[in-house]
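# Structural features, examined
Below are the chains, spelled out letter by letter.
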Amino acid sequence: MRLVVFTDLDGTLLDHQTYSHALAQPALDALKASGAELVPCSSKTRAELLPLWRELGLGGPLISENGGGVFLPQGHPLASQPGWLPAGPGWLMRALGLDIASVRARLATFAPRFGAKGFGQLSDAEVAGLTGLSLEAAALARQREFNEPVWLPEPERQAEAFLAAARQSGLEATRGGRFFHVLCGADKGRAARLLLELQRRTSPRIISAGLGDAPNDAPLLAAVDRPFLVARPDGSHAALDLPGLVRVPLPGPAGFNQAVLGLLGELRL
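The paragraphs below set out a description of the structure included in this document.

Thresholds, definitions, all that
Residues numbered from 1 in each chain as written. Predicted model: local features only at pLDDT ≥ 70, side-chain atom pairs only at ≥ 80, totals over all residues. Heavy atoms only, no water. Helix = DSSP H or I, 4+ residues; strand = E, 2+ residues; numbered from the N terminus. Buried < 20%, exposed > 50% of the residue type's maximum accessible area, 1.4 Å probe, protein only. Contact = heavy atoms within 4.5 Å. Areas by Shrake-Rupley, 256 points an atom, 1.4 Å probe, with all protein chains shown as cover. Lys, Arg positive; Asp, Glu negative; His and termini not counted. Charge placed at Lys NZ, Arg CZ, Asp CG, Glu CD. Core = buried A, V, L, I, M, F, W, Y, C linked by side-chain atoms within 4.5 Å. Pairing = 2+ DSSP bridges. Axes fitted to C-alpha atoms, helices over the stretch in contact; angles between N-to-C directions. Phe/Tyr/Trp six-rings, centres within 6.5 Å; stacked < 30°, edge-to-face > 60°. Lys NZ or Arg CZ within 6 Å of the ring centre and 35° of its normal.

## Section: the overall build of the protein chain
A tally of regular secondary structure across the protein chain gives nine helices and 13 strands. Principal-axis analysis of the C-alpha atoms gives the protein chain an extent of 55 × 45 × 35 Å. Classification of the 269 residues of the protein chain by burial places 53% in the buried group. Across the protein chain, the fraction of contacts at a sequence separation of at least 24, relative to all contacts at a separation of at least 6, is 61%. For the protein chain, the accessible surface area stands at approximately 11,500 Å², while carbon and sulfur atoms represent 54% of it. Charge-centre separation for the protein chain: the mean point of 26 positive side chains lies 5 Å from the mean point of 26 negative side chains.

Have a look at this one:
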């Protein structure tokens, strides 16, 4: 039996405010010791994910921009299967989502009436101000390939109408921890299912787990065997209801740590 763990980052593995994963370190160490594979599955860009991928000492795939792209290091066992395209030195890719230029063109047809602004319209400094990221990190966050994070001036009042307008324009939109994410043709669940299908061709005895904290994690949590929803910083949970969903009482990396250590203990890995 082999465990594959897909995890959201902001608000799940990474603290919502500090972006630290320190509180999850015991679980990260235990995953590595067990031989489990950890797959980041985030709204973050590939440019943002790669430094964290290296920092965590990962060697497997990563999923960027809410499932828009699935990236695989060359030399990984899955690289021998067909369908991968070159994606820069040392990497292969499967693009599941519409390219960012097309997404932004559709977004421009309705975003102005909401006063909405995507990352393509914001500067590095503006993104840094909205997220708490450094200017350097904000620049990486703006290197979009598939998915456009969108800031709304009055999200609670505008959410329903904005999501409806996105659908009418042929886009998919979902709400993350800070932004609405607009894309087309992909979601975290589709990307996770693709990787699991490829892995099960050679390793049929796989158990999959997924961790998230926001509505945009619902497709991912629906795609795995063991879904976990960590708490938000105030202790509440996103309004998700899925079969087998475990609501973890702790937020962010503390919740990740609690869920993963509990799962490893249960599976005796």
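Now, onward.
## Overview of the nonpolar core
Judged by nonpolar contacts, the single largest core of 35 residues is most densely connected at Leu-3, Leu-13, Leu-31 and Phe-256. For this core, the secondary-structure elements that each account for two or more residues are strand E1 (2-7), helix H1 (25-34), helix H2 (46-55), strand E6 (91-95), strand E11 (206-212), strand E12 (226-231) and helix H9 (252-267). The element contributing the most residues to this core is H9, with six residues. Dropping the residues within four chain positions of it, Leu-31 is found in contact with Leu-3, Val-5, Ala-36, Leu-38, Phe-256, Val-260 and Leu-264.

## Things to note about the sheet that holds strand E7 (residues 117-118)
Backbone-to-backbone hydrogen bonds join strands into a sheet, with any given pair of strands oriented parallel or antiparallel. On the basis of which strands lie adjacent, the open sheet formed by four strands has the order E7-E8-E10-E9 and antiparallel pairing. Sheet topology places E7 and strand E9 (172-175) at the edges, where each strand pairs with a single neighbour. Both strand E8 (residues 148-151) and strand E10 (residues 180-183) contribute to a ladder of three bridges, which runs antiparallel. Residue pairing across strands places Val-150 opposite Phe-180, the latter belonging to E10. Running at roughly 30 degrees to E8, helix H3 (residues 100-107) makes contact with E8 and E10 of the sheet.

## Thoughts on the sheet that holds E1
Taken together, five strands build an open sheet; the order of strands is E2-E1-E11-E12-E13 and the sheet is parallel. Since the sheet does not close on itself, it has two edges, and those belong to strand E2 (37-40) and strand E13 (246-251), each with one partner. This sheet shows a mean twist of 25 degrees between the axes of neighbouring strands, independent of strand direction. Pairing analysis gives four bridges linking E1 to E2, with the strands arranged parallel. Residue pairing for E2: Val-5 is matched across the bridge by Leu-38.

## Notes on the packing of aromatic side chains
For the structure on display, the rule yields five aromatic pairs. With 4.9 Å between their ring centres and 65 degrees between their planes, Trp-53 and Trp-91 make a pair best called edge-to-face. With Trp-53 in helix H2 and Trp-91 in strand E6, this pair connects stretches of sequence that are 38 residues apart. Comparing Trp-53 with Trp-91 shows no difference in burial state: the two are buried. Ring geometry for Phe-110 versus Phe-162: centroids 5.6 Å apart, planes at 55 degrees, classification tilted. Taken as a pair, Phe-110 in the loop between H3 and E7 and Phe-162 in helix H6 (residues 155-168) lie far apart in primary sequence, 52 residues in all. Overall, the relative accessible area of 0% leaves Phe-162 in the buried class. Ring-pair connections join several aromatic residues into one group, and the members of that group are Phe-110, Phe-114, Phe-162 and Phe-180. A cation over an aromatic ring shows up here: Arg-94 above the ring of Trp-84, its NZ or CZ 4.8 Å from the ring centre.

Fair warning: the whole summary comes from geometry, so function is off the table for now.
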